[in-house]
Amino acid sequence: MTSTDLDLRDIDACLFDVFGTVLDWHSTVTRQVAHLSKGLLLEGSQDAVDFAEEWRAGYYAHVQRVSQGGEGTGNTDIMHRQILDDMLTTPRWSHLVDVWGESDREELTMIWHNLDAYQNTIPGLTELKRHVNILTLSNGNFRLLLNLAKNQGVPWDGIFSSELFGSYKPNKKVYQSAAYHLSLPPHKIAMVAAHRSDLLAAASVGFKTIYVPRPAEDSREVRESMRSKKDGGEVDLVVKDFEELARLIREAR
């Protein structure tokens, strides 16, 4: 899985996608929407899963539209609330309107500020931080990313939010702006993500790319097909988790 021609000694900074790569939005949101539904969505039910995934699908549609120059907010908190309100007008979820008033919807939106970390996230990043700079490069708004780091003890050296750069990934200017503020040439930066599309966009501006498969991100077919360029694939490195990445970079130093 780790076969690569990538020289990890050249990497000065690793930039991380957050939602789904560093933190487990799927498990957290599925659990919390059920918990806050006053019994209308049972914990572990398919309805709770479907609600979380539809909310996330709305996010993807929004960032894709805005990244291509379309209309929409650049603040993820506002986006999440707008998607939630829209969902509650649909026949599938309209029965939740009576139990989710204004304060409840604000609480639901704040679920995204306290997502569970994957088991390997904190130990892997803590070790990795000893060898390279580690920062977010996320579509989350700055305050959301700050709260996530505080709530989960994520040891970032810095936070890059697409909100600061006027678009969303996969717009090229988000990656280019991060490189500019790091004062680094793109080839000294590695984008780490569980999303093939994020990595291909990062590669288009010269970033190195590291794929970390996560169960709720990309399809099973994509996850299982991802290979390093040395093995005929599209990315520079594929690792099973952050602890493996930290070990490889440590050994390369």
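To be clear, the structure that these remarks concern was listed above.
A brief structural summary. (Residues numbered from 1 in each chain as written. Predicted model: local features only at pLDDT ≥ 70, side-chain atom pairs only at ≥ 80, totals over all residues. Heavy atoms only, no water.)

### A closer look at the overall build of the protein
Of the regular secondary structure elements, the protein holds 10 helices and eight strands. Taken over C-alpha atoms, the radius of gyration comes to 18 Å for the protein, in line with the 18 Å a tight globule of 253 residues would show. Oriented by its inertia axes, the alpha-carbon framework of the protein measures out at about 55 × 35 × 35 Å. When the 253 residues of the protein are sorted by exposure, 53% land in the buried category. Excluding contacts between residues fewer than 6 apart, the proportion of contacts in the protein whose partners are at least 24 apart in sequence is 67%. In the form shown here, the protein has an accessible surface area of approximately 11100 Å², with 48% of it arising from carbon and sulfur atoms. Side-chain charges in the protein split into 28 positive and 36 negative, and the spacing between the mean points of these groups amounts to 6 Å. (Helix = DSSP H or I, 4+ residues; strand = E, 2+ residues; numbered from the N terminus. Rg over C-alpha atoms; globule rule 2.2 N^0.38 Å. Buried < 20%, exposed > 50% of the residue type's maximum accessible area, 1.4 Å probe, protein only. Contact = heavy atoms within 4.5 Å. Areas by Shrake-Rupley, 256 points an atom, 1.4 Å probe, with all protein chains shown as cover. Lys, Arg positive; Asp, Glu negative; His and termini not counted. Charge placed at Lys NZ, Arg CZ, Asp CG, Glu CD.)

### Focus: the sheet that holds strand E5 (residues 158–161)
The parallel open sheet is built from six strands, whose spatial order is E5-E4-E1-E6-E7-E8. The sheet is open, and its two borders are formed by E5 and strand E8 (237–238), each paired with just one other strand. Looking at chain direction, strand E4 (residues 133–138) and E5 are connected through four bridges and run parallel. Looking across to E5, one finds that Leu-135 is bridged to Gly-158. Relative to E5, helix H6 (residues 142–152) is tilted by about 145 degrees, and along the sheet it contacts E4 and E5. Each of strand E1 (13–16), E4, E5 and strand E6 (189–193) is contacted by helix H7 (residues 172–182), which is oriented at about 150 degrees to E4, the strand it contacts most. (Pairing = 2+ DSSP bridges. Axes fitted to C-alpha atoms, helices over the stretch in contact; angles between N-to-C directions.)

### So, the pairing of strand E7 (residues 208–211)
One ladder, built from four bridges, connects E6 with E7; its direction is parallel. Paired with Met-191 across the two strands is Thr-209, which belongs to E7. In terms of handedness, the path from E7 via helix H9 (residues 220–225) over to E8 forms a crossover that is right-handed. (Right-handed = clockwise from strand over helix to strand, strands pointing away.)

### Structural notes on the environment of Asp-77
Here Asp-77 lies in helix H3 (residues 76–87). Residue class for Asp-77 comes out buried when judged on its relative accessible area of 17%. For Asp-77 and Leu-248, which are 171 residues apart along the polypeptide, the C-alpha to C-alpha distance reads 36 Å. Discounting residues that sit within four places of it in the chain, Asp-77 has contacts with Thr-109, His-113, Asn-141 and Leu-144. Polar contacts involving the side chain of Asp-77 include one to the side chain of His-113, which spans 2.7 Å. (Polar contact = N/O pair within 3.5 Å; in protein donor to acceptor, adjacent residues only side chain to side chain.)

### Details of the side chain of His-62
Mapped onto the fold, His-62 is located in helix H2 (residues 46–67). The class for His-62 is buried, based on a relative accessible area of 6%. Discounting chain neighbours no more than four positions away, the residues touching His-62 are Gly-72, Thr-73, Met-79, Gln-82 and Tyr-168.

### Overview of unusual backbone geometry
A cis amide bond links Lys-169 with the next residue in sequence, Pro-170, at an omega value of 15 degrees. Take Pro-170: it is sitting in the loop between E5 and H7. Although it is not a glycine, Ser-183 adopts a positive phi angle of roughly 55 degrees. Following the sequence through the fold, Ser-183 ends up in the loop between H7 and E6. With a phi angle near 55 degrees, Asp-218 is a residue other than glycine that sits in the positive phi range. Along the chain, Asp-218 turns up in the loop between E7 and H9.

### Considering the environment of Tyr-60
Its location among the elements puts Tyr-60 in helix H2. On the basis of relative accessible area, Tyr-60 is assigned to the partly exposed category, the value being 37%.

### Some words on the packing of aromatic side chains
Per the counting criterion, the structure on display carries 12 aromatic pairs. Members of the aromatic cluster, connected to one another through ring pairs, are Phe-19, Trp-25, Phe-51, Trp-55, Tyr-59, Tyr-60, Trp-93, Trp-100 and Trp-112. Stacked on the ring of Tyr-118, the Lys or Arg Arg-214 has its end atom at 4.1 Å from the ring centre. (Phe/Tyr/Trp six-rings, centres within 6.5 Å; stacked < 30°, edge-to-face > 60°. Lys NZ or Arg CZ within 6 Å of the ring centre and 35° of its normal.)

By themselves these figures say nothing about function.
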